[in-house]
Amino acid sequence: MAAKTLTIDGKQISADECATILEAAADAGITIPTLCHLEGVYDVGACRLCLVEVTGISKLLPACTTKVAEGMEIRTDTERLIRYRRMTLELLLAERNHVCAVCVANGHCELQTLAFNQGVDHVRYEYCFPKWEVDNSHALFGMDHNRCLLCTRCVRVCWHIEGAGTKNVSGRGAKARIISDLNQPWGTSDTCTKCGKCVMACPTGALFYKGSTNSEMERDRDKLEFIVTAREKKQWIA
Amino acid sequence: MVIDDLTEIADKERAARKRYTIRCCMAAGCMSSNSKGVKEALEDAVNQAGLQQMVEVRGVGCMKLCCQGPLVQIDSATAGATFALESNEVGPLYQKVTPEDANSLVSTLKGGQTPVQRGDPRHPFFSAQLSIVLANSGFIDPERIESYITAEGYQALHDVLRELTPKDLIERIIKSGLRGRGGAGYPTGLKWATVGKAASQQKYVICNADEGDPGAFMDRSVLESDPHSVLEGMAIAAYAVGANQGFIYVRAEYPLAIARLHAAIKQAKKYGLLGSGIFESPFNFNIDLRIGAGAFVCGEETALMASVEGKRGTPRPRPPFPAESGLYNSPTLINNVETFANVAPIVRKGAEWFAGIGTEKSKGTKVFALAGKITNTGLIEVPMGTALRKIVEEMGGGAPDGGKIKAVQTGGPSGGCIPAEELDTPVDYDSLTKLGSIMGSGGMIVMDETTKMVDVARFFMEFCMDESCGKCVPCRAGTAQMHQLLNKILAGNATTRDLQKLEELCYMVKNTSLCGLGQTAPNPVLSTLRFFRKEYTDLLMPDAFGPRPNAVNGTGHAAAGRNLAPTEGVPSSGK
Ligand SMILES: Cc1cc2nc3c(=O)[nH]c(=O)nc-3n(C[C@H](O)[C@H](O)[C@H](O)COP(=O)(O)O)c2cc1C
Ligand code: SF4
Ligand code: FES
């Protein structure tokens, strides 16, 4: 496979021709913030945190879905990008009810970590305080819609790693929500195999193991990558 | 089917033509005011008068001046009619016709008089129009393929299959300068060339008939009035790019258009104008309908394709563009209804003819749905580059009841408001973009002095918020916050800082959203801020650090900002 040479934040790097900007950056040790991206499943470009500037292209491009090209000049750290990232996180925090203090994922939450790293120390937008329910009907897991970011990571692992197709999205706009089967209580789902991959995939405390306290809320995320590597490359490396 | 069959059908139609044709509009606008009843009453009246041999009552498509419907017009095939002709063969136009008027209308064919209100076909509303897309609209019977064939229908398809290679055909479309009529104005020929070049056994052609802009009804009218012109355009396009399957994605809110399309496809198949071996060539092409379930975002091409595949209609990042990987991952050509309707005329009359109409960068005509505070509501087709003033003042007759026009909104929720001072702007893609609006698909909403621009901005923001698919964060959560801020401003509870926040969010949502919906959702706010900023600032109250307006002048919050003396040291925002 041919390699492409490009620069990211002034640093010259070479990358595999079918790599995304995100992968190329990671190889070069440059971190681009992501939320909807999850190793092992395809990307959807939904959270817009990974947007980068590319010289000569007026639009901002999502690093997770954009392929590298020869001679690309990429910037991940301009004032505008940093501001937009912060605003995106503020919008997310104001959208549903993210109350870290009472959340199982406190301390293990990607939203929390991102907000911390991006310097979001307050939210300038009005909190929406929507009324969302908690689905505790499943024997092993729970879903708290108040903490959902609609990143659809759970949907993608459910369909494309487990192959169960239990999780889906219904509704649109701010009313969009993750559902089980035909929009029924998770516990009544016929298709759920209780594999728990959705819980592993969730960036926040929206999906959780029942009965766990926040100190126990460690996710076995390597397992997802392990399965995918095993399936695609026939390599059984943990 | 060969060309002789086509000619034979047309000849037979012409031979069967009766002395008088009473055309009665059977498009959705007039149907909603009982034009069906009018048509039936006219048929009865003709029978009663014993004029069946002389008179045909024909249901036709949109006759354009929708606000005066139901519309009826009488044609005379030969000279010496009992009434004065308005122009070649075309007789008087009657407005607001009721079934009770039928007898008196038919009596005019025997020299009688009728009290029914007459329209003026010489009014600029009609005379300033130039019909390419709507040439057949209001004349042919959209439910009969023979009627379309008589109007040179399917000849262009025959000619390209016989005489043109796909490459020459694409060359011709490129030369005509046709640009997409669905909103973005991408050069149609180039799009066809890209799909044509894609190496794949399977390709698709899709017609985008989702038409979701509030107030727009151009595509609906084309489908209801002349469905075959769209089918023919699609077939020609399919030949150009090498596709054998087409889909028309039409919204469920258009039942009449759907019914007419169904009928049209069936008739075209029956005549072998769709299907396999069209015109005894090796070219095969089928068209199926897909009915949208009422989501604005499904007009966006990638969401539309997901919806055709039976998936949730959400956009995905481009590239890959549909031309490389579209429906079922095959190269796909997607064009708007009006774009396809332009194709057959271009093939028939030549690229030079088409390129001779319009401006340097915007060729041909554009159909607009004229609505809002305007005397003549309806459908107009004008050459690109026609001044906005000519459209709203001369053709549209200005604001009703002597009102004054304040602004014209184009492009629906993705567009902007053009203030009255800019009415001399020629309507073409680039001039509108320069003013912060867009051509869009052709909705044109006229606003008079009573319209409050912040209200307008909030209306469109609410629309975008409700129609956001919810996939990407800036659009889903950003439109909700912008809507909230607009509400706050309208309630008189906002300060300069809220306005700043709103503007900052506008640019952020514009620059970071995934698809066109989010990327254009802030346009109505940005354009009203650009031209009507004072209407926003008049609603602001002094900054939170200053004294709050007390309940005494509480009702009119707009007044609150002005009545309070600016506090020292606090930036006054109440101007
Ligand atoms: C939110 C959104 C809604 C759209 N709705 C429509 C529509 O209703 N009809 C349409 O033809 N194009 C619509 N478009 C544009 C299409 O994505 C696409 O550009 C167009 O169908 C291409 O056809 P054209 O090249 O003939 O214009 C929409 C785009 C966006 C972003
Ligand atoms: S911009 Fe809006 S409509 Fe488009 S993908 Fe994002 S949320 Fe969906
Ligand atoms: S990680 Fe790229 S858009 Fe979410």
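Residues numbered from 1 in each chain as written. Chains lettered and ligands numbered in written order. Predicted model: local features only at pLDDT ≥ 70, side-chain atom pairs only at ≥ 80, totals over all residues. Heavy atoms only, no water.

At their nearest, the axes of helix α2 (residues 79-95) of chain A and helix α20 (residues 496-512) of chain B sit 11 Å apart, and the two run at 100 degrees to each other. Taken as axis vectors, α2 of chain A and α20 of chain B run roughly perpendicular relative to one another. Of α20 of chain B, the residues touching α2 of chain A (which contributes Arg-80, Arg-83, Tyr-84, Met-87, Thr-88 and Leu-91 of chain A) are Glu-504, Leu-505, Tyr-507, Met-508, Asn-511 and Thr-512 of chain B. Its residues placed into classes, the contact of α2 of chain A with α20 of chain B shows 6 nonpolar, 3 polar and 3 charged. (Axes fitted to C-alpha atoms, helices over the stretch in contact; angles between N-to-C directions. Helix = DSSP H or I, 4+ residues; strand = E, 2+ residues; numbered from the N terminus. Parallel < 35°, antiparallel > 145°, perpendicular 65-115°, else oblique. Contact = heavy atoms within 4.5 Å. Nonpolar A, V, L, I, M, F, W, Y, C, P; charged D, E, K, R; others polar.)

Moving on, we get to the nonpolar core. If you look at the biggest cluster of nonpolar residues, it comprises 108 residues, and the most contacted ones within it are Tyr-154, Ile-248 and Phe-285 of chain B. When residues of this core are assigned to their parent elements, the largest contribution, 10 residues, is made by helix α11 (residues 227-241) of chain B. When near neighbours in sequence (up to four residues on either side) are disregarded, Ile-248 of chain B contacts Cys-207, Ala-209, Leu-231, Met-234, Leu-261, Ile-287, Asp-288, Leu-289 and Arg-290 of chain B. Counting 49 residues, the second largest nonpolar core, distinct from the first, contains Leu-81 and Tyr-84 of chain A together with Leu-485 and Cys-506 of chain B. (Core = buried A, V, L, I, M, F, W, Y, C linked by side-chain atoms within 4.5 Å. Buried < 20%, exposed > 50% of the residue type's maximum accessible area, 1.4 Å probe, protein only.)

Turning our attention to the interface of chain A and chain B. Where interface size is quoted, it is often the accessible area lost as the parts come together. On the side of chain B, 30 residues touch chain A, which itself brings 31 residues to the contact. Of the roughly 2,600 Å² buried at the junction of chain A and chain B (both faces included), carbon and sulfur atoms supply 54%. For chain A, the biggest contributors to the area lost against chain B are Arg-48, Leu-91 and Arg-172 of chain A; these three give 25% of the whole. Inspection of the region where chain A meets chain B yields 5 salt bridges. A salt bridge links Arg-83 of chain A to Glu-504 of chain B, with the shortest nitrogen-to-oxygen separation between them at 3.7 Å. Put simply, chain A and chain B have 16 residue pairs in polar contact (both at pLDDT 80 or more) between them. Listed by contribution, the elements that provide at least two residues to the side of chain A that touches chain B are α2 and β8 (167-170) of chain A. The element that contributes the greatest number of residues to the side of chain A that touches chain B is α2 of chain A, accounting for 9 residues. (Buried area = accessible area lost by both parts, 1.4 Å probe. Salt bridge = Lys/Arg side-chain N within 4 Å of Asp/Glu carboxyl O. Polar contact = N/O pair within 3.5 Å; in protein donor to acceptor, adjacent residues only side chain to side chain.)

This brings us to the site of ligand 2. Taken together, 13 residues surround ligand 2, and among them Cys-469, Cys-472, Cys-475, Cys-515 and Gly-518 of chain B come closest. Looking at the shell around ligand 2 residue by residue, the class counts come to 8 nonpolar, 4 polar and 1 charged. (Near = heavy atom within 4 Å.)

What follows is about the site of ligand 1. All names here are of chain B. Around ligand 1, the structure places 18 residues, and the nearest of them are Gly-182, Lys-191, Asn-335, Asn-336 and Thr-339. Lys-191 is positioned with one of its side-chain polar atoms (N or O) 2.8 Å from an oxygen atom of ligand 1. Protein chains bury 89% of the 610 Å² of accessible surface belonging to ligand 1 in isolation. Those elements that place two or more of their residues in the shell around ligand 1 are β8 (332-336) and α21 (516-520). Broken down by element, the shell around ligand 1 gets its largest block of residues, 3 residues, from β8. (Areas by Shrake-Rupley, 256 points an atom, 1.4 Å probe, with all protein chains shown as cover.)

Residue and element names in this part refer to chain A. Taken as a whole, chain A is organised into domain 1 (3-77) and domain 2 (83-232). Each of domain 1 and domain 2 has a C-alpha centre, and these two points are 25 Å apart. Every contact between the two is made by 17 residues of domain 1 and, on the other side, 22 residues of domain 2. With both chains or domains summed, domain 1 and domain 2 bury close to 1,600 Å², and 68% of this area falls on carbon and sulfur atoms. By the criterion of area lost to domain 2, the three top residues of domain 1 are Leu-35, Leu-38 and Leu-49, representing 38% of everything that side buries. Summed over the shared surface of domain 1 and domain 2, the result is 0 salt bridges. Considered class by class, the residues forming the side of domain 1 that touches domain 2 number 11 nonpolar, 4 polar and 2 charged. (Domains from an automatic or database assignment.)

Bringing the packing of aromatic side chains into the picture now. All names here are of chain B. If you walk through the whole model with that rule in mind, you get 13 aromatic pairs over all chains. Residues Tyr-239 and Phe-283 carry aromatic rings whose centres are separated by 5.6 Å and whose planes lie at 80 degrees to one another, so their mutual orientation is edge-to-face. Highlighted residues: Tyr-239 in helix α11 and Phe-283 in the loop between α12 (255-270) and β7 (286-292), separated in sequence by 44 residues. The class of Phe-283 is buried, set by a relative accessible area of 9%. When the ring of Phe-283 is compared with that of Phe-285, the centres are 6.1 Å apart and the planes differ by 15 degrees; the resulting orientation is stacked. Looking at Phe-285, the relative accessible area reads 0%, which means it is buried. (Phe/Tyr/Trp six-rings, centres within 6.5 Å; stacked < 30°, edge-to-face > 60°.)

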